[in-house]
Amino acid sequence: MRTPGLSENFYKSIQQTPGIFLTKGEVTNVSKNGNTLAVAASNTLLGENIQVNADMVVLATGMVPVTVDDPVVNLAYRQGPGFRDNAIFNGYADSNFICFPYETQRTGIYAAGAIRRALTVEESVEDATGAALKAIQCIESVNRGVSVHPRSGDMTFPEFFFQRCTQCKRCTEECPFGALDDDEKGTPKPNPARCRRCGTCMGACPERIIGFADYNIDSIGSMVKSVKVPSSDDYSEPPMRILGLVCENDALPALDMAALNKLSYSADVRLIPVRCLGSVNVIWIKDALSQGMDGVFLLGCKHGDDYQCHFVKGSELASIRMKKIGEALASLALENERVAQFEVAIDDYHTLPKIINDFVEIIEGLGPNPFKGF
Ligand code: SF4
Ligand code: SF4
């Protein structure tokens with residue numbers, strides 16, 4: 001019995017209808033019984049084996065999505081002709097089902113109906129209205145030269161300083177939306193119409209040659225440099241300074257909600273918003289630590305099974321980069337614990353003070369950064 005959505009009410013109402021018999025059980029056999037059929041079942045609600053005579057047997061088959069990697073749409077993307085190259089949604093095509101229903105990882109293509117999740121025909125018809133409205137918004141935004149979503153209205157595109165490109169292909173491989181093709185040498189070929197301005201390519205580039213006019217390595221680097229680091233003999237401020245790089249999609253609004261609810265956390269912390277944790281370049285973390293900050297944490301959306309990242313895999317890529325940051329910390333003779341990443345959903349705001357204060361406590365246990373004051 002499958003009753004998605006409000007069909008549950010229908011299911012409950014027919015449970016009360018005389019003449020309708022419902023039971024839970026495993027069908028063990030369907031056989032001919034004269035002009036009728038006999039259905040045998042075990043493990044029923046009563047724990048008995050039963051047999052029911054029936055005029056007709058209808059088998060309910062489960063809905064199984066065609067994998068989104070299936071080349072039915074035959075798109076021209078370096079990751080393949082399907083909607084996208086990973087299956088976080090178990091084969092359904094959606095890029096963030098919570099905040100951005102209908103959007104796929106293929107900019108300009110919107111999913112409606114059973115390609116998004118198991119839906120009835122009526123729900124699919126309603127769903128198609130939402131997808132059509134999204135498609136209209138997309139065409140209008142493209143006509144105005146602005147980004148489609150989620151950063152709708154943004155007019156900047158990633159710019160590349162190709163003279164210093166080493167053709168390492170990190171940007172082309174990590175772009176969640178397949179917006180970067182590459183030539184035969186491996187030099188990225190931007191495709192602005194597909195770009196969603198997430199900055200993941202900027203976070204990935206080891207040469208730091210990707211940036212936006214309004215968001216780049218230097219602009220955030222300057223914000224990091226402007227954070228005052230109190231020296232241990234400066235008693236006008238607490239001696240610890242901890243930097244938080246905060247995703248503007250969920251984590252920053254969650255901090256706002258914490259403030260609205262008058263929740264407080266350590267005053268040693270300074271926060272800088274970023275487009276997505278995927279856009280965080282490790283150079284910002286190295287700079288913060290080498291200028292004497294005692295710890296750095298990243299605050300962003302959940303990834304993995306309970307994935308909520310607005311740019312599909314930005315927070316996951318950040319966590320992979322953070323695992324590799326140990327070498328950089330070792331070269332500065334600093335402990336791994338000075339850098340951490342935390343995941344929050346937008347309604348997790350009440351957990352933020354504890355998350356932040358626990359991290360501050362760990363840093364206080366490690367003691368001041370030895371670079372402080374140099
Ligand atoms: S900004 Fe995001 S979508 Fe655009 S090219 Fe870079 S990684 Fe791809
Ligand atoms: S990540 Fe940077 S260096 Fe590597 S291919 Fe892309 S632009 Fe070139």
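In this text, all values refer to a predicted model and were calculated from it rather than measured experimentally.

The rules behind the values
- Residues numbered from 1 in each chain as written.
- Chains lettered and ligands numbered in written order.
- Predicted model: local features only at pLDDT ≥ 70, side-chain atom pairs only at ≥ 80, totals over all residues.
- Heavy atoms only, no water.
- Near = heavy atom within 4 Å.
- Nonpolar A, V, L, I, M, F, W, Y, C, P; charged D, E, K, R; others polar.
- Core = buried A, V, L, I, M, F, W, Y, C linked by side-chain atoms within 4.5 Å.
- Buried < 20%, exposed > 50% of the residue type's maximum accessible area, 1.4 Å probe, protein only.
- Domains from an automatic or database assignment.
- Salt bridge = Lys/Arg side-chain N within 4 Å of Asp/Glu carboxyl O.
- Helix = DSSP H or I, 4+ residues; strand = E, 2+ residues; numbered from the N terminus.
- Contact = heavy atoms within 4.5 Å.
- Pairing = 2+ DSSP bridges.
- Axes fitted to C-alpha atoms, helices over the stretch in contact; angles between N-to-C directions.

## A word on the site of ligand 1
Step number 1: Of all residues adjacent to ligand 1, which total 13 residues, the nearest are Cys-175, Cys-195, Cys-198, Gly-199 and Cys-201.
Step number 2: Across the shell around ligand 1, the residue classes break down as nine nonpolar, two polar and two charged.

## Comments concerning the nonpolar core
Step number 1: Residues Leu-243, Leu-245, Trp-284, Ile-285 and Leu-298 are the most contacted members of the largest nonpolar core, which totals 67 residues.
Step number 2: When residues of this core are assigned to domains, at least three fall in each of domain 3 (159–211) and domain 4 (217–366).

## Things to note about the pattern of salt bridges
Step number 1: Applying the stated criterion to the full structure yields eleven salt bridges.
Step number 2: A salt bridge links Arg-78 to Asp-182, with the shortest nitrogen-to-oxygen separation between them at 3.0 Å. Remark: Asp-182 occurs in strand β5 (residues 180–182) and Arg-78 occurs in the loop between β3 (50–54) and α2 (121–144); sequence separation between them is 104 residues.
Step number 3: For Arg-78, a relative accessible area of 32% puts it in the partly exposed group.
Step number 4: When the shortest N-O distance is used, the salt bridge between Arg-338 and Glu-335 registers 2.7 Å.
Step number 5: Under the relative-accessibility criterion, Arg-338 is labelled buried at 1%.

## Digging into the site of ligand 2
Step number 1: Looking at ligand 2, there are 13 residues lining it, with Cys-165, Cys-168, Lys-169, Cys-171 and Cys-205 nearest.
Step number 2: Of the residues contributing to the shell around ligand 2, the split by class is nine nonpolar, two polar and two charged.

## Regarding the environment of Asn-43
Step number 1: You can see Asn-43 is positioned in the loop between β2 (36–42) and β3.
Step number 2: Remark: the alpha-carbon pair of Asn-43 and Glu-26, spanning 17 residues in sequence, is separated by 6.2 Å.
Step number 3: Residues in contact with Asn-43, not counting those within four places in the same chain, are Lys-24, Gly-25, Glu-26, Glu-48 and Asn-49.

## Structural notes on the side chain of Asp-250
Step number 1: Residue position: Asp-250 is located in the loop between β8 (242–247) and α6 (251–260).
Step number 2: Apart from residues lying up to four places away in sequence, Asp-250 is in contact with Cys-301, Gln-308, His-310, Val-344, Ala-345 and Ile-346.

## What about the domain arrangement of the protein?
Step number 1: Segmentation of the protein into domains returns domain 1 (7–54), domain 2 (71–144), domain 3 (159–211) and domain 4 (217–366).
Step number 2: The centre of domain 1, based on its C-alpha atoms, is set 38 Å off from the matching centre of domain 2.

## Quick notes on the sheet that holds strand β10 (residues 295–300)
Step number 1: Spatial strand order, β9-β8-β10-β11: four strands in an open sheet with parallel pairing. The sheet is open, and its two edges are formed by β9 (269–274) and β11 (339–343), each paired on a single side. Between one strand axis and the next, the sheet turns by 20° as a mean value, whatever way the strands run.
Step number 2: Seen against the sheet, helix α5 (residues 217–226) touches β8 and β9 and runs at an angle of roughly 170° to β9.
Step number 3: Set on the sheet, helix α10 (residues 352–366) makes contact with β8, β9, β10 and β11; between it and β10 the angle comes to about 160°.

## A closer look at the sheet that holds strand β1 (residues 26–33)
Step number 1: Spatially, the three strands line up as an open sheet ordered β1-β2-β3, and their pairing is antiparallel. Sheet topology places β1 and β3 at the edges, where each strand pairs with a single neighbour. Along the sheet, successive strands turn relative to each other by an average axial angle of 25°, direction set aside.

## A look at the side chain of Ser-315
Step number 1: Considering the arrangement of structural elements, one finds Ser-315 in helix α8 (residues 314–323).
Step number 2: With a relative accessible area of 2%, Ser-315 lands in the buried category.
Step number 3: Each residue touching Ser-315, except ones within four places of it in the same chain, is listed here: Leu-277, Gly-278, Cys-301, Lys-302, His-303, Cys-309 and Gln-341.

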